Amino acid sequence: MFGFFENEQAKKIKSHLLNLAALAKADGHIDVREMNFIIAVGKKNGLGSSEVQALVSGAKEASNDLPTNDSERFDQIFDLVDMMLADGVVDETEMDFCIMMAEKLGFRKAIVGLLVRKISQGVKDGLPRERIKDESTAFLNYNDLPVR
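Engineer: It is not clear to me how the confidence of the model for the protein should be interpreted in this structure. Could you clarify?
Structural biologist: Note that predicted coordinates carrying low pLDDT should not be read in detail. Counting all residues, the mean pLDDT for the protein is 82, and 86% of those residues have values of 70 or more. Per-residue pLDDT, averaged within each element of the protein, yields its smallest value for helix α1 (residues 2-24) (78) and its largest for helix α3 (residues 49-57) (92).

The following block contains the structure:
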């Protein structure tokens, strides 16, 4: 049973790295800073840089193995937005990809653009990840309330 959990976790990590690679390639090339960012995420999750580089070199599209809980969904969209900002240039293709991925991750279509921009602004302002997560969660919960 424990081995199964490890396999599922490894699949989620690799899926996340493939999504980051797809975003990095959205503007036609992977910048050195983007690659370093992907490697850092891989290392944070127990993968070596050569394993991450091999995974990225074979990546063509976003993965279909998406997270199943809100915290993991937020962490993935946060990393995607952080990646978009890694090279210092926000390409419209990258922004569109982040918005598309936010929808695929299960965020409501009506608010994904605002969510991506909110995370982006928080990163640019140098806010800690947990504060951005808390504020975004409050934003998402507020926008999920029924209209009276």
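Engineer: Would you mind showing me how to read helix α2 (residues 32-44) here?
Structural biologist: Within an α-helix, residues lying three or four positions from one another point in the same direction, as the helix has 3.6 residues per turn. Between the first and last C-alpha of α2 there are 18 Å, a value that for 13 residues agrees with the 18 Å anticipated at 1.5 Å per step. Regarding α2, the residues found buried are E34, M35, F37, I38, I39, V41 and G42. Regarding α2, its N-cap is D31, as a side-chain oxygen of that residue lies 2.7 Å from the backbone nitrogen of R33 further along. At the C-terminal side of α2, G46 shows a positive phi close to 90°.

Engineer: Explain the nonpolar core to me, please; I cannot follow it from the model alone.
Structural biologist: Inside soluble globular proteins, nonpolar side chains tend to come together where they are buried. Counting residues in each nonpolar core, the largest one holds 39 residues, and the members touching the most others are I38 and I77. Listed by contribution, the elements that provide at least two residues to this core are α1, α2, α3, α4 (70-86), α5 (92-104), α6 (112-124) and α7 (129-143). At 8 residues, α4 tops the list of elements feeding residues into this core. The residues contacting I38, other than those within four sequence positions of it, are L17, L20, A21, A24, V52, V56 and M83.

Engineer: How should the packing of aromatic side chains be read in this particular structure?
Structural biologist: The full count for this structure, using the stated rule, is 1 aromatic pair. With a centroid separation of 6.0 Å and an interplanar angle of 40°, the aromatic rings of F74 and F78 are classed as tilted. Highlighted residues: F74 and F78, both in helix α4, separated by 4 residues, approximately one helical turn. Overall, F74 belongs to the buried group, its relative accessible area being 4%. With a relative accessible area of 5%, F78 lands in the buried category.

Engineer: Help me understand the side chain of S136, please; the structure alone is not making it clear to me.
Structural biologist: With respect to the helices and strands, the residue S136 is situated in helix α7. By relative accessible area, which is 1% here, S136 ends up buried. Setting aside chain neighbours within four positions, we find S136 in contact with F74, L115, K118 and I119.

Rules and cut-offs
Residues numbered from 1 in each chain as written. Predicted model: local features only at pLDDT ≥ 70, side-chain atom pairs only at ≥ 80, totals over all residues. Heavy atoms only, no water. pLDDT = per-residue confidence, 0-100. Helix = DSSP H or I, 4+ residues; strand = E, 2+ residues; numbered from the N terminus. Expected span 1.5 Å × (residues − 1). Buried < 20%, exposed > 50% of the residue type's maximum accessible area, 1.4 Å probe, protein only. Polar contact = N/O pair within 3.5 Å; in protein donor to acceptor, adjacent residues only side chain to side chain. Core = buried A, V, L, I, M, F, W, Y, C linked by side-chain atoms within 4.5 Å. Contact = heavy atoms within 4.5 Å. Phe/Tyr/Trp six-rings, centres within 6.5 Å; stacked < 30°, edge-to-face > 60°.

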